[in-house]
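Close look at the chain arrangement
Residue strings, one per chain:
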Amino acid sequence: MSTPTTAEADTPLSDAPLSAALRAGTREQHSAAERMPFMDALVGGRLDRAAYTALAVQQLSIYRALEAAGDRVAHDPLGTTLVFTELTRVPAIEQDLAHLLGTDWAEHTAPLPATRAYVARLYEISDSVPHYAAHAYTRYLGDLSGGQILRRMLQRHYGFQDDGVAFYDFPQIHRLKPFKDVYRERLDALPLDGPARALVVEEARLAFELNRAVFAELGALHHQQAPSDRTLTGEPDIEGHPDLG
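In every chain, residue numbers begin from 1 and rise along the written sequence. Given that this is a predicted model, residues contribute local features only at a pLDDT of at least 70 and side-chain atom pairs are listed and counted only at 80 or more, while totals for whole chains, interfaces and linings are drawn from all residues. The side-chain quantities take in all heavy atoms of the structure and omit both hydrogens and water.

**Details of the overall build of the protein chain**
Looking only at helices and strands, the protein chain has 12 helices and 0 strands in total. Runs of E in the DSSP output that reach at least two residues are strands. Runs of H or I that reach at least four are helices, and both are numbered from the N terminus. The N-to-C order of helical and strand elements in the protein chain reads α-α-α-α-α-α-α-α-α-α-α-α. In this description, accessible areas are obtained by the Shrake-Rupley approach with a 1.4 Å probe, and a residue is regarded as covered only by the protein chains that are shown. For the protein chain, the computed accessible surface area is about 11,100 Å², with 53% contributed by carbon and sulfur atoms.

Okay, structure coming up:
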């Protein structure tokens, strides 16, 4: 895991709202995750549905662990302010896998070693609100931001309509930006001292690194296809990458 730079450890981050400190303090890790070859190829239409399905399988394990952590911190008066039923993703992932793999989908899913390490960390944090805040920020704000771009690219390149990409749909959230603003306000309102704020930022960096490890293992298993082998070939690749947070 990358360690904080001197600039990141200085007073500007400690004086900033927590959401701003998270954004600034994870910029390097965020950018590195965006540039992972697996995600670059998936967004550009250079993989296939099997690669996307493999990603969904890993997401199921990760979000089961994340949402179990949410259940634990919801018993804390501070933690409950960060837990929104509108963000729950596990049922949507299960719906996607049923579409992608059939009704017996559970028999065809297994987490990769990197995913198991990610899940282990989410259980290690137990009911710690600062640790949960870091992981929830990394995952859910990414889903509400760059995840929406990714959904459009999956539909464009791999022929999805709504079925198969329910993970990226938040039917209970009618306007994403105001919801994200409220989420950031809840983060900023956490009464955390300097060491606790630094812990949140450092844990968010770790979350990005854990995510990168999953992408690396997926990339080793799913290779880019030649144009003639792609599921759909009529769409151009896009410049840029999904914003993960």
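**Side note on helix α9 (residues 129-144)**
To estimate how far a helix should extend, the number of its residues minus one is multiplied by 1.5 Å. Between the first and last C-alpha of α9 there are 21 Å, a value that for 16 residues agrees with the 22 Å anticipated at 1.5 Å per step. Partly exposed residues are those whose accessible area sits between 20% and 50% of the maximum for their type, while under 20% is buried and over 50% is exposed, using a 1.4 Å probe and protein chains only. The buried count for α9 comes to 16 of 16 residues, which makes it a mostly enclosed element.

**Considering the environment of Val165**
Relative to the assigned elements, Val165 resides in the loop between α10 (146-158) and α11 (176-189). Val165 gets classed as buried once you look at its relative accessible area, which sits at 0%. C-alpha separation for the pair Val165 and Leu154, spaced 11 residues apart in sequence, amounts to 8.0 Å. Residue contacts are counted whenever heavy atoms from the two residues lie within 4.5 Å of one another. Not counting chain neighbours up to four residues away, the residues in contact with Val165 comprise Tyr52, Asp96, Arg151, Leu154, Gln155 and Phe160.

**So, the packing of α9 against helix α12 (residues 194-221)**
Two measures define how a pair of helices packs: the angle their axes make with one another and the distance between the axes. Note on method: axes are straight lines fitted to C-alpha atoms, helices fitted across the in-contact stretch only, with angles between N-to-C directions ranging 0 to 180 degrees. Orientation of α9 relative to α12, taken along the N-to-C sense of each, is 45 degrees, at an axis distance of 8 Å. Relative to α12, α9 is oriented oblique. The chirality of how α9 crosses α12 is right-handed. Only Ala196, Leu199, Val200, Glu203, Ala204, Ala207, Phe208, Leu210 and Asn211 of α12 make contact with α9, whose side of the interface consists of Pro130, His131, Ala134, His135, Thr138 and Arg139. Classification convention: Asp, Glu, Lys, Arg as charged; Ala, Val, Leu, Ile, Met, Phe, Trp, Tyr, Cys, Pro as nonpolar; all other residues, Gly among them, as polar. Of the residues assigned to the contact of α9 with α12, the class counts are 9 nonpolar, 4 polar and 2 charged. Oblique is the label for any angle not covered by the other classes, which are roughly parallel (under 35 degrees), roughly antiparallel (over 145) and roughly perpendicular (65 to 115). For any helix crossing, the convention is left-handed if the near helix is rotated counterclockwise from the far helix by under a right angle, and right-handed if that rotation is clockwise.

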